[in-house]
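# Commentary on secondary and tertiary structure
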Amino acid sequence: MKAIVYEHHGGPEVLEFKDVSDPSPREGQVLVDVEAAGVNYRDVYEREGRSYAVEPPAVIGVEGAGTVADSGERVAWIGAQGSYAERVAAPRDRLVPVPDGVSVEVAAAALLQGMTAHFLASDSYPIEDGDWVLVHAAAGGVGLLLTQIAKLRGGQVIATTSNEEKAALAREAGADEVIGYEGFAERAKEIAGGEGVAAVYDGVGKTTFLDGFKALRPVGRMILYGSASGQPDPLDPTILASGGSLYVQRPTLMTYTRTPELLRERAEALFDLIAEGKLRVRIGARYPLAEARQAHEDLEARKTTGKLLLIP
Ligand code: NDP
């Protein structure tokens, strides 16, 4: 079969489109035909060797949707290493059924980033009616979904984006105010009026994290859920005191889906929102599997919006 392999860690150029042997499912795994593989920022970290201890040579990627080879059942998954491929051996307990009313492609586009947006808005900081929150990179994969879910919960969203096209998408997703990154914390505090925002959702990291504390209201929550711009500098805990008894969380989707039950519950809640037409999933671009390298280049160059899919 065809797959995207890296033989050592590095830039997008290490991604090679190759013939490899079909995966053989081990105990607890099933063979799945991939219809669409999801591109996630974590794949960049995996490729670079920044996190996720995968030893090359390896087939990259962990998310997708397709059909179980034996039964034809429509499924989507997270946590199946080797998903940038025509077939993957997926752990049975990381598969979720794709309900009627959700296409396989939308399931691939929504599952990882959508469940992330869902736990961020409902668990990391449970947004309440009228709360102001700040969502960084709001036109990105997680960002567009998080903005919509925050609005569904009655929140008011201040979004950051890097250009006008992305700002328009954030507004379409429901953002009340869209601002640039320059001086974002002061601007957000002003917009929220009074004390500041209840929560900052930060998947950007290095260039935004420490400034973000200045936007928080007393007892506000800084949710650092990713580091697209690099790992932030270490946090001096006295900032939490001087900012007004603040909280900080560094959550992972793994924690919130650590059992098959938690995974299914979260996926069902997400797919319900999509099937009911309450949550729109933007597929920003589809690339043939062979062009995975281009997809990574575009993602890292901040040229993309919404979800990127690879089509085998
Ligand atoms: P995105 O589609 O959001 O792409 C990243 C976006 O970040 C860019 O489009 C860009 O938007 C913004 N950005 C700001 N600075 C930079 C920079 N220096 N380099 C690159 N991008 C930058 O990606 P995802 O939706 O896949 O992921 C978003 C974040 O969420 C990532 O940090 C990812 O690791 C994290 N994540 C965490 C999870 C968890 O379990 N904790 C699960 C899923 C995702 P703009 O141009 O508008 O600034």
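Every chain is numbered on its own, with residues counted from 1 as its sequence reads. Local features in this predicted model are restricted to residues of pLDDT 70 or higher, and side-chain atom pairs are both shown and tallied only at a pLDDT of 80 or more, whereas totals for entire chains, interfaces and linings draw on every residue. Side-chain measures here rest on the full set of heavy atoms in the structure, leaving out hydrogens and waters.

## Concerning the overall build of the protein chain
- Think of it this way: any DSSP run of H or I at least four residues long counts as a helix, any run of E at least two long counts as a strand, and we number them from the N terminus. Regarding its fold elements, the protein chain presents 10 helices and 16 strands.
- When we talk radius of gyration, it's over C-alpha atoms, and the globule rule is simply 2.2 Å times the number of residues to the 0.38. Relative to the 2.2 N^0.38 estimate, which gives 20 Å for 312 residues, the radius of gyration of the protein chain is 19 Å and therefore close to what a compact globule would have.
- Principal-axis analysis of the C-alpha atoms gives the protein chain an extent of 60 × 40 × 35 Å.
- Residues are treated as being in contact if the distance between any of their heavy atoms lies within 4.5 Å. Summarising the internal contacts of the protein chain: among those between residues at least 6 apart in sequence, 65% fall at separations of at least 24.
- Accessible surface for the protein chain amounts to roughly 13,200 Å². Of this, 49% is attributable to carbon and sulfur atoms.
- Separation between the mean location of the 32 positive side-chain charges and that of the 45 negative ones in the protein chain comes to 2 Å. Method for areas: the Shrake-Rupley scheme with a 1.4 Å probe, in which residue coverage is limited to the protein chains shown. For this count, His and the chain ends are skipped, Lys and Arg are scored as positive, and Asp and Glu as negative. By convention, the point assigned to a charge is CZ for Arg, NZ for Lys, CD for Glu and CG for Asp.

## Structural notes on empty space enclosed by the protein
- Cavity means a closed set of points on a 1 Å grid over the protein atoms alone, one where a 1.4 Å probe fits but cannot get out, pocket means an open set with protein on both sides within 12 Å along at least 5 of 7 lines, and lining means a residue has an atom within 4 Å of a point. Grid points are joined across faces, edges and corners, and a volume is the space filled by probe spheres set on the points. In total, this model carries one cavity of 30 Å³ or more according to the counting rule given.
- Each pocket or cavity is described by its volume, and for the largest cavity that value is around 50 Å³.
- What lines the largest cavity is simply Ala109, Gln113, Gly141, Leu144, Leu145, Arg280, Val281, Arg282, Gly306 and Lys307.
- Here the lining of the largest cavity gets three residues from one element, more than from any other, and that element is helix H3 (residues 141-152).
- Ten residues, namely Ala, Val, Leu, Ile, Met, Phe, Trp, Tyr, Cys and Pro, are considered nonpolar, four, namely Asp, Glu, Lys and Arg, are considered charged, and the remaining ones, Gly among them, are considered polar. Of the residues assigned to the lining of the largest cavity, the class counts are four nonpolar, three polar and three charged.
- For each domain, the first and last residues come from an automatic or database assignment. Both domains that furnish three or more residues to the lining of the largest cavity are identified here as domain 1 (2-112 + 264-311) and domain 2 (128-250).

## Quick word on the environment of tyrosine 41
- With respect to the helices, strands and loops of the structure, tyrosine 41 is situated in helix H1 (residues 41-48).
- Separated by 255 residues in sequence, tyrosine 41 and histidine 296 have C-alpha atoms that sit 8.6 Å apart.
- Not counting residues up to four positions away in its chain, the partners in contact with tyrosine 41 are Ala228, Leu299 and Glu300.

## Points about unusual backbone geometry
- In this structure, the amide linkage connecting proline 56 to the following residue, proline 57, adopts the cis form with an omega of 0°.
- Among the structural elements, proline 57 can be located in the loop between H1 and strand S4 (58-59).
- Even without being a glycine, alanine 137 presents a positive backbone phi close to 50°.
- Within the secondary structure layout, alanine 137 lies in the loop between strand S9 (132-135) and H3.
- Residue exposure (1.4 Å probe, protein chains only): buried if accessible area is under 20% of the type maximum, exposed if over 50%, otherwise partly exposed. According to the relative accessible area criterion, alanine 137 is partly exposed, its value standing at 30%.
- You will see that serine 245, though not glycine, has its phi angle at about 55°, which is positive.
- Along the chain, the position of serine 245 falls in the loop between helix H7 (238-242) and strand S14 (247-249).

## Overview of the domain arrangement of the protein chain
- Parsing the protein chain into structural domains produces domain 1 (2-112 + 264-311) and domain 2 (128-250).
- The C-alpha-based centres of domain 1 and domain 2 are spaced at 27 Å.
- Contact with domain 1, which involves 14 residues of that partner, is made by 20 residues of domain 2.
- Together, the buried faces of domain 1 and domain 2 total about 1,300 Å²; carbon and sulfur atoms form 55% of this surface.
- Each reported salt bridge corresponds to a side-chain nitrogen of Lys or Arg within 4 Å of a carboxyl oxygen of Asp or Glu. Counting across the domain 1 and domain 2 interface gives zero salt bridges.
- Any N or O atom pair separated by 3.5 Å or less is treated as a polar contact, with the protein-specific requirement of one donor-capable and one acceptor-capable atom, and with residues adjacent in sequence counted only for side-chain atom pairs. Across the domain 1-domain 2 interface, the total number found is seven residue pairs in polar contact (both at pLDDT 80 or more). Reported buried area values correspond to the accessible surface (1.4 Å probe) lost by two parts on association, with both partners' losses combined.

## Overview of the pairing of strand S3 (residues 29-39)
- Counting buried positions along S3 yields eight of 11 residues, so the element is predominantly enclosed.
- Any two strands with at least two DSSP-identified bridges between them are counted as paired. Both S3 and strand S7 (residues 87-91) contribute to a ladder of five bridges, which runs antiparallel. What sits directly across from aspartate 33, in S7, is arginine 87.
- Two elements, S3 and strand S16 (residues 307-311), share three bridges in a ladder whose sense is antiparallel. Opposite glycine 38, over in S16, you have leucine 309 as the bridge partner.

## Here we look at the nonpolar core
- We call a set of buried residues a nonpolar core when its members are Ala, Val, Leu, Ile, Met, Phe, Trp, Tyr or Cys and they connect through side-chain atoms within 4.5 Å of each other. Judged by nonpolar contacts, the single largest core of 52 residues is most densely connected at Leu111, Leu146, Tyr201 and Phe271.
- Ranked by residues supplied to this core, first place goes to helix H2 (residues 104-124) with 12 residues.
- Looking at which domains feed residues into this core, each of domain 1 (2-112 + 264-311) and domain 2 (128-250) supplies at least three.
- Filtering out sequence-adjacent residues up to four positions away, phenylalanine 271 remains in contact with Ala76, Val96, Pro97, Pro99, Val102, Ala107 and Leu111.
- In terms of nonpolar packing, the next biggest core, distinct from the first, is built from 28 residues, Val14, Val34, Leu95 and Leu299 among them.

## Some remarks on the pattern of salt bridges
- The final tally for this structure, using the stated rule, is 20 salt bridges.
- For aspartate 19, the salt bridge identified is with lysine 2, shortest N-O distance 3.2 Å. One end of the pair, aspartate 19, is in strand S2 (residues 15-19); the other, lysine 2, is in strand S1 (residues 2-6), with 17 residues separating them in the sequence.
- The residue aspartate 22 makes a salt bridge to arginine 87 at a minimum N-O spacing of 2.7 Å. With a gap of 65 residues between them, aspartate 22 in the loop between S2 and S3 and arginine 87 in strand S7 connect regions that are remote in the sequence.
- Take arginine 87: its relative accessible area is 22%, and that puts it in the partly exposed class.

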